[in-house]
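# Residue-level structural notes
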Amino acid sequence: MSAIRTGIAEVFARRLERGEDEPVVSLSYCRHAVAEHARRLAEMRVGATTTQADTLSAAEAILRLAGRLAASAESARASRPRAAAVIDRIRLEVEAASAVDTAFVEEHLFALESTLLADCFDALEDDDRRRLEERARSEAGAMTVTPDARDRTFRALRDRLLRALLELPRLEIAG
C-alpha cells in the first residue's frame, strides 16, 4: 500500500514540477512509479540492492518485451506498414534498454510507451485514425463527467483501442 501511495504521489509531484495542467486520467499512468517504489521497498526489507541476477532478469524481461513488439510489428506490416516501422523503431530502443540501470528502466519504458502510442497513432491511415477517434469519442461521450474528464477519458480510450488494433503490449517489466 505504501508503494502505491508513494508512486502516485511522485507522479503527481513530477507533473506539477513540469507545469503540466492536465490531471492524471488513469491510475495505470502511475504504474511504473508504483512498481519502482515496490521494488525499492522490497530491497529495503531484505537489505539488498540490485544484484547481477536482478539485472539479468530485468534484461531478459526487456528482451521478451522486445519480442512481443516484434510480433506486433510483423502482424501490422502488411496492412499498416508505417505503424509497423514505428513499432520496429521502438523495439530497437526497448532492446537497448536492457543495458539501462534497472533503477531507471521502468521510467525509460514509460517514456518509450508514450512515444510508441503517439507515433503509432500518427502513422495510421486517415480512415483508421478517424474510426478510432469516433469510437473513443462515442464511448467517452456516453459518460456523465466534466468536459475535461471526458477529454482525458477520450484519450485513454483512444490509446486502449490503438493498443488493441496494433496488438501493442504495455511497455513494462514489472508484474
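Placed above this text is the structure.
On a predicted model such as this, the values are computed, not experimentally measured, just so you know.

### Overview of the nonpolar core
- Val94, Leu116, Leu162, Leu166 and Leu171 are the most contacted members of the largest nonpolar core, which totals 32 residues.
- Elements supplying a minimum of two residues to this core: helix H3 (52-76), helix H4 (81-96), helix H5 (102-123), helix H6 (126-141) and helix H7 (147-166).
- The element that contributes the greatest number of residues to this core is H5, accounting for eight residues.
- In this view, Leu166 contacts Ser72, Ala76, Arg80, Ala83, Ile87, Cys120 and Leu124; residues no more than four positions away in its chain are not counted.

### As for the pattern of salt bridges
- Scanning all chains against the criterion turns up 14 salt bridges.
- Measuring nitrogen to oxygen at the nearest pair gives 2.6 Å for the salt bridge that ties Arg130 to Asp127. Pair noted here: Arg130 and Asp127 are both in helix H6, with a separation of three residues, about one helical turn.
- Assessed through its relative accessible area of 43%, Arg130 is described here as partly exposed.
- Given a relative accessible area of 44%, Asp127 falls into the partly exposed group.

Rules used throughout
- Residues numbered from 1 in each chain as written.
- Predicted model: local features only at pLDDT ≥ 70, side-chain atom pairs only at ≥ 80, totals over all residues.
- Heavy atoms only, no water.
- Core = buried A, V, L, I, M, F, W, Y, C linked by side-chain atoms within 4.5 Å.
- Buried < 20%, exposed > 50% of the residue type's maximum accessible area, 1.4 Å probe, protein only.
- Helix = DSSP H or I, 4+ residues; strand = E, 2+ residues; numbered from the N terminus.
- Contact = heavy atoms within 4.5 Å.
- Salt bridge = Lys/Arg side-chain N within 4 Å of Asp/Glu carboxyl O.

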